[in-house]
Structures are given as structure tokens and as C-alpha cells.
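Take a look at the letters that make up each chain.
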Amino acid sequence: MGKLIAKEKAIVVPGEVLAEGMDHLPGSGTYREGERILAGKLGLTYIDGRTIKLISLSGRYIPKRNDTIIGKVTDVLMSGWRIEINSPYTAMLSMKDATSDFIAKGADLTKYFNLGDHLVTKIVNVTSQKLVDVSMKGPGLRKLHGGRILEVNTNKVPRVIGKQGSMVTMIKDATGCRITVGQNGLIWIDGEPKMELTAVKTIQKIAEESHLSGLTDKIKAYLDKETKK
Amino acid sequence: MYRDLKEHVIKLLKADTRLDGRKPLEFRKPVTVEYGVSKTAEGSAKVKIGGTEVIVGVKLEIMEPYPDTPDKGTIMVGAELLPLSNPEFESGPPGIQAIELARVVDRGIRESKALDFKKLCIKEGEKIWCVVIDICSINDEGNLLDASALAALAALKDARFPKFDGDKVDYAEKTDEKLPLSREPLPVTVIKIGDNFIVDPLTDEEKVIEARLTVASTKEGNLCAMQKGGDAPLTTDEISKMVDIAVDKAKELRGAL
Amino acid sequence: MMAYEKRAHGRGFDDLREITAKVGVIPRADGSAYFKIGGTAAYAAVYGPRNLYPRFLQNPQTGILRCHYNMMPFSGKGERVRPGGSRRSKEISLVTEKAITPVLNLEDYPNSVVDVFIELPETAAGSRCAGICAASMALADAGLNMKDLVAAISVGKVGDKIVVDLNTEEEAYEDGSVDIPIAMLPSNGRITLLQMDGELKKEELMQALEKGKKALLKIYDIQKNALKEKYQVEENV
């Protein structure tokens, strides 16, 4: 009647047969071809009832509405700024979304945000052609000062944040660093040099081992070891 | 564009550390050299410094000597910063960065007379060997120049003459004869950011350099080529310090060969 | 016609040369791979999807694939190859694009480009096929939406024998040599690259294709394992 071929949490390659028969449903990252369900990318299998999904292991950030991301100002225009967001698609921050203050027409926009500034912003709209609008109006959204920016693959961000922020909180507590994680894979870290480096190495370790089990315990042990030095 | 990054790099340097926790004058570990990575080349080597990876191939070609040096062979160095290795590199003819890299490596070898050009002469006035060195970047995580220079030296050591019957070259057969190579000239680049010197820059550090000095030295510690880059000027005192660092580091890198 | 009796190193007529495949060899790239078969090696690096310039090339309905095939100057079997590409490398870039495009879901990436760079440090016949094998692993490594991998190999006829994976001497065999590079989608056996140099009867062609398909499934296994291996990190017990 139907046969599940792929195991749970298995790494599969594009075209690999995940199931045969009509019993199962193709979830995200998979597709149906006749009687079979095949993998539609390199991914980790996740079986949710009758649906087979794939969790992405790699791939660039594709902007999504409501994501909080870190971007860099690459252009100051007449009525806004162009923001690079570590994606094939750039974002626009228009004057009206920049601040609750009133900005007069013809004002010098560089006084607010200048080339090279890193901003924590929120995506408010993505069109079908992937034109992206962002806003700085909202809690936690701000220009970043000092610190450093680390880049990890966007697909690892959920593991870096952890359930209800538990992982990133653990790192903050252990290193005393301020950390802001963007959904687009850019992460801001600010702290004392040695602790900053520990935070960076910890996050890189999470990214490398994100698909393995027992990650939380491993990271806790790693942080304990590194911060006792 | 990189104001924040520069401030942060300088802040770390004042704490005697860098973005990856290294000391300012520390090279990434490991530095590895693999010989003979291309069987179609007469000599080849692959060098890794940290994550930066470069392959160099040596081909030996027969040509007519230059009119003013009828009894001497010669070298030619080309570098391709392949788009494979860095999202910012574009396809097409070598840009100025690749050209400068090739010329600096060339000078180090040529001016130190590391290759005995007279021994590369086959028939005076008619036939000489040209040693063609081609540098190809594979993964750029900073410091392509030093990695390329080390790989070029290793590829020259790896090279063997192809079979030559006096008329035609048989590239399919190699002899045991090595190139007439000595002195092992090796360039090392020293970088100035703020009041600090570093070696072996990461990609992010390369974005904020103020000045750089590449110094090629021989095994004996003599200087055989130099190149200053970057927008900021250097005092003679700084130059003196940077030369010492480069010579010292070259000794260390030669250990990987 | 002289009977072609023996292949070098005792290789069977249906056998492949020794293969090495590795994924993730160029960390700077979004995806990368190395594929070596006999004396032919290819690096492939994928950058994308990413911004496409100039703007007029952008397609609002789909992303585009650009393949750039290049031989390093020291990779030819004889003299140095002048850098800068040639008509041959442009043609190979094109057939590589055509061989791979059918598996990619480029409509998921409007207005963008996926760049694949293929560089060969050494070649000994079968270079375009090695490039396609490396490129397909690199695209999967880059996390692109794709229906299948692509495997490629040269089949053909040397003297009187149908063979798989011709080496340099066989390509140049004096007593008749036919070289047929093919690429296939392993999940359904469809062919996306087919070229031929030489003279052949139709039955011989069909025979060569069947042998090729069998060999390509072996290559697919190797590509699959290389991709999975990258993610097999030693678990601390």
C-alpha cells in the first residue's frame, strides 16, 4: 500500500527516493513523481505523521515577511536607504519606516544612517518578485555600534537561538556578551575580546554540528571549558 | 564602508589579539604544502594557510632567447584570482590585484637569481627553456600573496624537465632532472593597521589595512624584492621593523616546504 | 579493424577509472565539490542564488544558471594552455548548462543568477563529464532546490569494442575511436547531455548508451556518499 524508505533524521540528496506508494504526502523540500516521493534538495528528513519534509542544511537566505534581520547600508538614496541583507535580494528602507521622528523632505539622510552602518531591521513586505521592504520602527530595532558581525548559514539560525532563545541565552550568560541574531544568518556580538572570541567559536560549533543530537549538552560543556580558562 | 570593522580590529589589536584569537604576528596553523597535485604540469604544489588554498603549476616551454640575453633562459609568472575562490572575483583577464601578485612573486625569484638562467639555455641564440609559473587561487580567506609565493617555490622544487630529444619535447615523459634552483626566495607580507603590525591577514582584516609591505628574502636572510601597497605612508623606522618581521616569518614558512 | 584487446591497468571494458569525490572543498563558496576520475580532476564552486548584473539580464519569472568551464594553464596533456578560455571551453560551458538546467527549480529564485565555476587542474580525457559531476554535487551542497543530481561519463567505441570511460590513449586510438559524452538524471534515466565524435552504427550507439546508464548509477552512488559524508561529523560518545 505504501512504503516509507527514508529513515527519520537521515541526510538525503536530490532525487533520492523517500517513499513509495500513495500513503505519504510530499512536504516542503520533497516532491511526488508518479508512485514515489523524492527529495527535492539536500536535506535532513523529518517525518510528521504522513507528511515527509526536509530540513535544509544549506542554502542562501530568502527574505520572509516578519523576519528580524541584520543588514548593512550600501546606498543612501533620495528617500531612503538600500540595505544588503546577505541574500540574492536587497532591501529598501524608506524614510517613513526609518524612525518615529519626522524627517523633512530633502534632509540629509546620512545623519540617520550612513554607508556601512549595520542595522537590526524587520522585514515588513516581500513581493512575488522578491522586492523587500524593511522597517526600523519596532522594539529592538536599531543601528548597531561597536562589536563584530559573524556570518553563519541561515538554516542554522534556529539552532543558534534554541527553543525560546535558550541556546543564545546560555551563550550570553556564559560570556557576558551582548548578542543579536538575524534570521538571515548575520549575528552581532559585543563583549570583552576573549569572551567575544568564545562566543564566536561557540556559535560556529553550533552551526557545524546543528544536525547532530545532544547539541545542547555539548555546547554547555564547551562553554564551561572555554570560560574557565 | 568598513569604519566599524576597523575600529573593532584595532580594539582587538590593542588587546594583543585578532578576530580569530591569533596573536598579531602569528600565522594561521596549519600551513601545509602538497607536491605533485597536477600530473599534467611539469611541477605543481598546493598550499593551504588556514583556509586559504592556492595551486601553482609549472610548465617548461622551449622558446627563442631574448636578443639581449642569448645564453639565458627565463621565467614567466601569471596569476589568476579565480572567481571560484571568492564571490567578489570576476571572470575575465587578470585585474590589477592578480597582476601585482604575479609581478611580486616574479621579482622575488628573478632578482634573487634563485634559478640559474644560464643552465636553462639549450642552444645559445636559438633555444632556451622558459619556466612558466601559473598561480590559481582555490579558496580565498585572506593572504593569497604569501600562499601563492610559497606554492610557487614548492612547485619549482617539484618540477622535473620533460623528455627532450633536442628537437621536440615529449610532455608525456618526465626525466629525473630538477630545475637549477637555490636560495629559496620567499615573500612575506606585513600589514599596518593603526599602530599595529600583523601578518597573514584574514579577509576581513584585508578590508581595513592602511599599508602593507611585502618583503622577499633568501634562505641566507638577504632581501631580494620589496613592494609597498596601501594608501598610508610608512616611516623608515616602520619599514625597518616590517622587514625584520618578514625575514623572520619567511624562515618559519620555509619549514613547511 | 584491429581487435582492441586490453585496456591499461587491466580495466574491464565496462569499468570506470578510479574516482575520488569530495564535497565542501571551497568554504567561501555557497556550495562546492571536487571530482577526480583517472587523471582528470575538476573543482566546482557555486555562488548563488545571487544578484544578477547587469539588470537587463534579470528574469522576473525565474533565476538563470551560468556555467563557466575553464582549464588551468598547466592542465593540458601537452603544452601550456593559454589562460582566458577558448571556443572549446565556451562550448563546454554551454553544454554543461544544458545538462544541468533540467534538474534545477530556478523559478524559485526570480531575478537572480546561480553561477557555477568549474576549474580543472589536470585532465586526461572525460573533462566535461568530470566537470558536470562536480557541478551537480556543488549545486546540491549549495542547498538549491533540485529534482535530482546529474551524473556524466564518456562512453564510446575503441577499435571493435564498446567501452565505458575512455582514457587519453583510447580517445586517440589510431584504429578508430568514438567518443560519446553523456549525462543522465539518475532518478529516471533521462539523458541531458549527448555528444558524439566518430563513426558508429545505431545498434552500437544504443548498446553504448545502455552500458553508460549502468556506469552512471555507480557514479551517482559515489556522488551521494560524498554529499552525505560532509555532514557525518564524528559524534562524541
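The notes below deal with the structure included here.

### Some thoughts on the overall build of chain C
Item 1. Within chain C, the regular secondary structure consists of four helices and nine strands.
Item 2. If you list the helices and strands of chain C from N to C, you get β-β-β-β-α-β-α-β-β-α-β-β-α.
Item 3. Taken over the C-alpha trace, chain C has a radius of gyration of 18 Å; the compact-globule value for 237 residues is 18 Å, and the two agree within 12%.
Item 4. In terms of principal-axis extent, the alpha carbons of chain C reach across some 55 × 55 × 35 Å.
Item 5. Among the 237 residues that make up chain C, the fraction classed as buried is 59%.
Item 6. The long-range share in chain C, meaning contacts at least 24 apart out of those at least 6 apart in sequence, stands at 69%.
Item 7. As displayed, chain C has an accessible area near 10300 Å², and 50% of this comes from carbon and sulfur atoms.
Item 8. Positive and negative side-chain charges of chain C, numbering 31 and 32 respectively, have mean locations separated by a distance of 4 Å.

### Quick notes on the sheet that holds strand S5 (residues 112–122) of chain C
Residue and element names in this part refer to chain C.
Item 1. Judged by pairing direction, the sheet is mixed, and its five strands sit side by side in the order S1-S2-S3-S5-S4 without closing on themselves. One side of each edge strand has no neighbouring strand; the edge strands of this open sheet are strand S1 (19–23) and strand S4 (64–71). Strand-to-strand twist in this sheet, taken as the mean axis angle between neighbours without regard to direction, amounts to 15°.
Item 2. Relative to S5, strand S3 (residues 40–51) runs antiparallel, the two being bridged by eight bridges. Bridging from a neighbouring strand, Ala-44 pairs with Ile-118 of S5.
Item 3. Contacting S4 and S5, helix H1 (residues 87–100) crosses the sheet at an angle of about 140° to S4.
Item 4. Its contacts with the sheet place helix H2 (residues 127–141) against S1, strand S2 (31–37), S3, S4 and S5, and it is angled at close to 150° to S2.

### Brief notes about the pairing of strand S9 (residues 186–193) of chain B
All names here are of chain B.
Item 1. Across the eight residues that make up S9, a large majority, eight, are buried.
Item 2. On S9, burial covers both faces: Leu-186, Val-188, Val-190 and Lys-192 on one face and Pro-187, Thr-189, Ile-191 and Ile-193 on the other are all buried.
Item 3. Alignment of S9 against strand S11 (residues 211–217), held across seven bridges, turns out to be antiparallel. Within the sheet, the bridge partner assigned to Val-188 lies in S11 and is Val-215.

### Description of the sheet that holds S11(B)
Residues and elements named next belong to chain B.
Item 1. The four strands lie next to each other as S10-S9-S11-S12, forming an open sheet whose pairing is antiparallel. The open sheet terminates on both sides in strands that have one partner only, identified here as strand S10 (196–199) and strand S12 (223–229). Shown here is a sheet whose adjacent strand axes are inclined to one another by a mean of 25°, direction ignored.
Item 2. As judged from the six bridges shared by S11 and S12, these two strands associate in the antiparallel manner. Among the inter-strand pairings, Arg-212 is bridged to a residue of S12, identified as Gly-229.
Item 3. Sitting on the sheet, helix H5 (residues 236–254) touches S9, S10, S11 and S12, and the angle it makes with S9 is about 135°.

### Notes on the layout of surface pockets
Residues and elements named next belong to chain A.
Item 1. In this structure, the second largest pocket encloses a volume near 770 Å³.
Item 2. The wall of the second largest pocket is formed by 31 residues, among which Lys-41, Ile-55, Ser-56, Thr-154 and Asn-155 lie closest to the centre.
Item 3. Elements with a minimum of two residues in the lining of the second largest pocket: strand S7 (43–48), strand S8 (51–56) and helix H2 (157–161).
Item 4. Residues from two domains meet in the lining of the second largest pocket; each of domain 1 (3–56) and domain 3 (148–228) gives at least three.

### Some points on the environment of Cys129(C)
All names here are of chain C.
Item 1. Topologically, Cys-129 is positioned in helix H2.
Item 2. Owing to a relative accessible area of 2%, Cys-129 belongs among the buried residues under this scheme.
Item 3. Measuring from C-alpha to C-alpha, the distance between Cys-129 and Lys-218 comes to 14 Å, with 89 residues separating the pair along the chain.

### A look at the interface of chain B and chain C
Item 1. Taken together, the contact between chain B and chain C spans 30 residues of the former and 26 residues of the latter.
Item 2. When residues of chain B are sorted by the area they lose upon contact with chain C, Thr40(B), Leu84(B) and Pro87(B) head the list and together hold 25% of the total.
Item 3. Taken together, chain B and chain C are joined by one salt bridge.
Item 4. In this structure, Asp134(B) and Arg80(C) form a salt bridge, with 2.7 Å as the shortest nitrogen-oxygen distance.
Item 5. Counting only elements with at least two residues in the side of chain B that touches chain C, the list comes to strand S3 (52–63), strand S4 (74–80) and strand S6 (127–139) of chain B.
Item 6. In terms of residue count, S3(B) provides more of the side of chain B that touches chain C than any other element does, six residues in total.
Item 7. Residues of the side of chain B that touches chain C, tallied by class, amount to 13 nonpolar, eight polar and nine charged.

Rules used throughout
- Residues numbered from 1 in each chain as written.
- Chains lettered and ligands numbered in written order.
- Predicted model: local features only at pLDDT ≥ 70, side-chain atom pairs only at ≥ 80, totals over all residues.
- Heavy atoms only, no water.
- Helix = DSSP H or I, 4+ residues; strand = E, 2+ residues; numbered from the N terminus.
- Rg over C-alpha atoms; globule rule 2.2 N^0.38 Å.
- Buried < 20%, exposed > 50% of the residue type's maximum accessible area, 1.4 Å probe, protein only.
- Contact = heavy atoms within 4.5 Å.
- Areas by Shrake-Rupley, 256 points an atom, 1.4 Å probe, with all protein chains shown as cover.
- Lys, Arg positive; Asp, Glu negative; His and termini not counted.
- Charge placed at Lys NZ, Arg CZ, Asp CG, Glu CD.
- Pairing = 2+ DSSP bridges.
- Axes fitted to C-alpha atoms, helices over the stretch in contact; angles between N-to-C directions.
- 1 Å grid on protein atoms, 1.4 Å probe; cavity = no way out; pocket = protein on both sides within 12 Å on 5 of 7 lines; lining within 4 Å.
- Points joined across faces, edges and corners; volume = space filled by probe spheres on them.
- Domains from an automatic or database assignment.
- Buried area = accessible area lost by both parts, 1.4 Å probe.
- Salt bridge = Lys/Arg side-chain N within 4 Å of Asp/Glu carboxyl O.
- Nonpolar A, V, L, I, M, F, W, Y, C, P; charged D, E, K, R; others polar.

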